[in-house]
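# Architecture at a glance
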Amino acid sequence: AQTVTQSQPEMSVQEAETVTLSCTYDTSESDYYLFWYKQPPSRQMILVIRQEAYKQQNATENRFSVNFQKAAKSFSLKISDSQLGDAAMYFCAYRSAGNDMRFGAGTRLTVKP
Amino acid sequence: GAVVSQHPSWVICKSGTSVKIECRSLDFQATTMFWYRQFPKQSLMLMATSNEGSKATYEQGVEKDKFLINHASLTLSTLTVTSAHPEDSSFYICSADMGAGVQNIQYFGAGTRLSVL
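Here we summarise the structure given alongside this text. (Residues numbered from 1 in each chain as written. Chains lettered and ligands numbered in written order. Predicted model: local features only at pLDDT ≥ 70, side-chain atom pairs only at ≥ 80, totals over all residues. Heavy atoms only, no water.)

### Focus on the sheet that holds strand β1 (residues 4-7) of chain B
Residues and elements named next belong to chain B. How we decide: One bridge is not enough; two strands pair if DSSP finds at least two bridges between them. Each helix is a run of H or I in the DSSP string that is no shorter than four residues. Each strand is a run of E no shorter than two, and both are numbered from the N terminus. Throughout, an axis means a line fitted to C-alpha atoms (over the contacting stretch in the case of helices), and angles, computed between N-to-C directions, take values from 0 to 180 degrees.
Strand order in this open sheet of four strands is β1-β3-β8-β7, and the pairing throughout is antiparallel. Since the sheet does not close on itself, it has two edges, and those belong to β1 and β7 (67-73), each with one partner. Shown here is a sheet whose adjacent strand axes are inclined to one another by a mean of 15°, direction ignored.

### Here we look at the state of the cysteines
In plain terms, the rule: When two cysteine sulfur atoms are found within 2.5 Å, that pair is recorded as a disulfide. Only protein chains enter the accessibility calculation, which uses a 1.4 Å probe; a residue is then buried when its area is under 20% of its type maximum, exposed when over 50%, and partly exposed in between.
According to the stated counting rule, one finds two disulfides over all chains in the structure shown. Each disulfide pairs two cysteine sulfurs, and for Cys23(A) the partner residue is Cys92(A), the sulfurs being separated by 2.0 Å. On the sign convention where negative means left-handed, the S-S torsion of about -70° between Cys23(A) and Cys92(A) marks this disulfide as left-handed. Of this pair, Cys23(A) sits in the loop between β3 (19-21) and β4 (24-26) while Cys92(A) sits in strand β10 (residues 88-96), and the two are 69 residues apart along the sequence. Here Cys23(B) is linked by a disulfide to Cys94(B), with a sulfur-sulfur distance of 2.0 Å. Measuring the twist about the S-S bond at about 80°, one finds the Cys23(B)-Cys94(B) disulfide to be right-handed. Remark: Cys94(B) occurs in strand β9 (residues 90-97) and Cys23(B) occurs in strand β3 (residues 19-25); sequence separation between them is 71 residues. There is no split in this pair, since Cys23(B) and Cys94(B) are both buried.

Read these as spatial facts, not as claims about activity.
Printed below as a string of structure tokens:
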């Protein structure tokens, strides 16, 4: 079974600084996608960024970028120029060709003004 | 992005009653919808996968007779918690696939907070 591990229950960053959230996963599949979702206090899940496993180039979305290391099965999220609105729970997720999505335990990000 | 509407957002019910939660894809057709359960300060746990026109696929440990899922159309899936008890109190979230295949993004509803007294 595929597992997703987020080893940082909580992280804190100063406003305007950069923070990296870690995620590792375990799979024997070759075709899969990786995602980072944000869950603010409203609890609405919001897609932050996604990465196709067959692409070597790291995905970027404005201030959000990933460091995808396929051999190491690592998928970290870097948030640059952190803003107060970035404060939320961040979930790393894995999705295989079997179509179901598996989530990590989450990392609570606090942004200090 | 695509919009998934989940209703109600909060429901309080008495123990022994049944509660229905609706999940609608508003601007796209969803062949597959998913139901998750989230306990406080925990991650999302997949309960079942719902395919339009067929029976839902439940995850191990999820009671089929307790959590009834119906996916009667390409835009609507419902989760009915039957004979609810306090231990069923939780946050339930649905999501929908736009299209088919692993490359498609899941769009999430805003969730339903269920409190069973």
